[in-house]
Amino acid sequence: MKLAILNDTHFGCRNDSKIFLDHTFKFFDEVFFPYLEENNIKTILHLGDMMDRRKFVNFNTLSRVRKDFVEKIEDLGIDFHCVIGNHDTYYKNTNELNSLRELFSDRYNHIHIYEHPVELDFDSFKIAMVPWMAKQNKEECLEFLKNTEASWVGGHFELDGYQVFRGIDFDGGMNDHFLSRFEEVMSGHFHIQSYRKNVHYIGTQYQLTFSDLGEKKGFWILDTETRTKEFVENPFSMFHQIEYDDVHDDITKFLKKDFSMYENAYVRILVHNKSNPYLLDKLMDTLYANGVQSVTVIEDVKTGDLSEDEQVDLSKDTLTLITNEVDAFEMERSTKIKEKIQTLYMEALTI
């Protein structure tokens, strides 16, 4: 039996942006559901954060999710098993009030929402499904994991030392020792793919921020007979970076390329050398003429006015630059400071 694995779909992300919603459903309409139909896959496991907004839902977002996702699942006769993620909950210390129960639970035959840990059995393949562990349900979840007969786990865990962004380990999460006895643990919450020990953060299905630039996005198929997973890549990108250098590259030739891939996308232009400002303006005009949603220009500082220590690698993401600066001060409480910065940064991404 084969199961499709989803997580962190974050329906309604980026202030319920229509552009991001269209990007989201381009993946589901053209990649995900066609694959499931072609391969006769009738079960989906969702590892939390189905919705993005913790406090309310936008009616346009809800309409798209209901018609193009939930009712699509119903029409195809697919069983959908979803645990609560931290973005699905109204309060931070309990899962009892959550958007998935209010919007979808008990309204559909094939939609199964789990606020408490549960053991699922697929042809004798047992998997423990664990929701977001808040203060109110933490002991319940830990006790469940001690006693479950399942050898695989799917959940929404915030674990210490795992990569929250590429090259940035999360400080302040739970120690992973309570998961050590399992064959494999699949988790949502952190948005990039990463492996450590027996834990696999499976990554988001599509790009949500510029930190996803260059990361492989898609979904996983779990084969319960072979106990292996197969990755199905999402070919669509929302974020792009263009390296600009009009001293060493022929920009006029570059301007003749097909820019249709950037339609409704976000483009960052990293300028290494700019001898002719007109060409850079022409590039920006060409991008906007091809329907680019937003263009950001970052000028790479490489002058004799800055020492080597003062120069900044602007190709790195914001969080990496900030945490590197914290490390440079060698403060006693640097770990706690970085933990707070990471928390604030992750919260800011949803505003």
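Just above, that's the structure.
Rules of the game
- Sequence order sets the numbering: in each chain, residues are counted from 1 along the sequence as written.
- Thresholds applied to this predicted model are a pLDDT of at least 70 for local features of residues and 80 or more for the giving and counting of side-chain atom pairs; totals over whole chains, interfaces and linings are not thresholded and use all residues.
- The basis for every side-chain value is the complete set of heavy atoms in the structure, and neither hydrogens nor water enter the calculation.
- Counting from the N terminus, the helices are the DSSP runs of H or I reaching at least four residues and the strands are the DSSP runs of E reaching at least two.
- For the exposure calls, accessible area comes from a 1.4 Å probe over protein chains only, and a residue counts as buried if that area is under 20% of its type's maximum, exposed if over 50%, partly exposed in between.
- In this analysis, two residues are considered to be in contact whenever any of their non-hydrogen atoms come within 4.5 Å of each other.
- Surface accessibility follows the Shrake-Rupley procedure with a 1.4 Å probe radius. Residue values consider only the protein chains on display as shielding.
- For this analysis, a ring pair means two rings from Phe, Tyr or Trp (six-membered ring only for Trp) whose centres lie within 6.5 Å, classed as stacked if their planes differ by under 30 degrees, edge-to-face if by over 60, and tilted for the remaining angles.
- Counting as a charge over the ring demands two things of the Lys NZ or Arg CZ atom: a distance within 6 Å of the ring centre and an angle within 35 degrees of the ring normal.
- For two strands to count as paired, DSSP must find a minimum of two bridges between them.
- Between N-to-C directions, angles cover 0 to 180 degrees, with each direction set by a line fitted to C-alpha atoms, over the stretch in contact for helices.
- Within this document, salt bridges are pairs made up of a side-chain nitrogen of Lys or Arg and a carboxyl oxygen of Asp or Glu, the two lying within 4 Å of each other.
- The criterion is simple. A nonpolar core is a set of buried Ala, Val, Leu, Ile, Met, Phe, Trp, Tyr and Cys residues joined through side-chain atoms within 4.5 Å.
- Each helix should span, by expectation, one fewer than its residue count multiplied by 1.5 Å.
- Angular relationships are summarised with four words: roughly parallel below 35 degrees, roughly antiparallel beyond 145, roughly perpendicular across 65 to 115, and oblique for the angles in between.
- Ten residue types, Ala, Val, Leu, Ile, Met, Phe, Trp, Tyr, Cys and Pro, are classed as nonpolar, four, Asp, Glu, Lys and Arg, as charged, and the remainder, Gly among them, as polar.

A.B. asks: Quick rundown of the overall build of the protein? Include the residues and the values.
C.D. replies: The helix and strand inventory of the protein stands at nine helices and 17 strands. Residue burial in the protein is summarised as follows: out of 351 residues, 51% are buried. When contacts within the protein are restricted to residue pairs at least 6 apart in sequence, those whose partners lie at least 24 apart make up 70%. Of the roughly 17,000 Å² of accessible surface on the protein, 47% is carried by carbon and sulfur atoms.

A.B. asks: So what's going on with the packing of aromatic side chains? Which residues, and what values?
C.D. replies: Per the counting criterion, the structure on display carries 30 aromatic pairs. Ring geometry for F28 versus Y206: centroids 6.2 Å apart, planes at 75°, classification edge-to-face. Of this pair, F28 sits in helix α2 (residues 18-38) while Y206 sits in the loop between β12 (199-202) and β13 (218-223), and the two are 178 residues apart along the sequence. When sorted by exposure, F28 lands in the same class as Y206, which is buried. In textbook terms, an aromatic cluster arises when at least three aromatic residues are bridged by ring pairs, as seen for F11, F25, F27, F28, F32, F33, Y35, F69, F80, Y206 and F219. For the cation-ring pair, K26 lies above F236, with the distance from its terminal atom to the ring centre recorded as 4.4 Å. Sitting above the plane of the F259 ring, K257 keeps its charged end 5.8 Å from the centroid.

A.B. asks: With reference to specific residues and values, describe the sheet that holds strand β2 (residues 43-46).
C.D. replies: Strand order in the open sheet formed by six strands is β4-β3-β2-β1-β13-β14, and the pairing between neighbours is mixed. Each edge of the open sheet carries a strand with a single partner, namely β4 (111-114) and β14 (228-233). Strand-to-strand twist across the sheet, computed as the mean angle between neighbouring axes with direction ignored, equals 25°. Sheet strands in contact with α2 are β1 (2-6), β2, β13 and β14, and its direction is about 10° off that of β13.

A.B. asks: Describe the pattern of salt bridges, and please don't skip the residues or the numbers.
C.D. replies: If you walk through the whole model with that rule in mind, you get 17 salt bridges. Note that K18 is salt-bridged to D22, the shortest N-O span being 2.8 Å. In this pair, K18 and D22 both sit in helix α2, four residues apart, roughly one turn of the helix. Take K18: its relative accessible area is 54%, and that puts it in the exposed class. K197 is the partner of D176 in a salt bridge, and the nearest nitrogen-oxygen pair spans 3.2 Å.

A.B. asks: Break down the nonpolar core for me, citing the residues and quoting the values.
C.D. replies: Counting 43 residues, the largest nonpolar core has F28, F32, M50, F69, F104 and F219 as its most contacted members. Contributions of two or more residues to this core are made by β1, α2, α3 (59-76), β3 (79-83), α4 (99-103), β4 and β13. Among the elements that line this core, the one with the most residues is α2, at 11 residues. When sequence neighbours within four positions are dropped, the list of residues in contact with F219 reads I5, L6, F27, V31, F32, Y35, L36, Q205, E230, F231 and V232. Grouped together as the second largest cluster of nonpolar side chains are 24 residues, F157, F165, I168 and F190 included.

A.B. asks: Summarise helix α7 (residues 277-289); cite the residues concerned and give the values.
C.D. replies: Over its 13 residues, α7 extends 18 Å from the first C-alpha to the last, a length consistent with the 18 Å expected when each residue adds 1.5 Å. Along its buried surface, α7 packs onto β15 (239-245), α6 (251-254), β16 (266-273) and β17 (294-299). The positive-phi residue at the C-terminal boundary of α7 is G291, with phi of around 85°.

A.B. asks: Tell me about the packing of α2 against α3, and name the residues and values.
C.D. replies: Two elements in contact, α2 and α3, have axes whose closest approach is 12 Å; the angle formed by their N-to-C orientations is 0°. With respect to α3, the element α2 is oriented roughly parallel. For the pair α2 and α3, the contacting residues are L21, D22, F25, F28, F33 and E37 in the first and N60, T61, R64, V65, D68, F69, K72, I73 and L76 in the second. In terms of residue class, the contact of α2 with α3 is built from eight nonpolar, two polar and five charged.

A.B. asks: How would you sum up unusual backbone geometry? Please name residues and give values.
C.D. replies: One non-glycine residue, D16, adopts positive backbone phi at about 60°. With respect to the helices and strands, the residue D16 is situated in helix α1 (residues 13-16). In the Ramachandran plot, H189 falls in the positive-phi region, its phi being about 100° despite a non-glycine side chain. With respect to the helices and strands, H189 occurs in the loop between β10 (184-187) and β11 (193-196). H189 sits in the buried class, given a relative accessible area of 5%.

A.B. asks: How would you explain the environment of K216 if you had to name every residue and give the values?
C.D. replies: With respect to the helices, strands and loops of the structure, K216 is situated in the loop between β12 and β13. Separated by 13 residues in sequence, K216 and G203 place their C-alpha atoms 8.5 Å apart. Once residues lying within four places of it in the same chain are set aside, the contact partners of K216 are Q193, F231 and E233.

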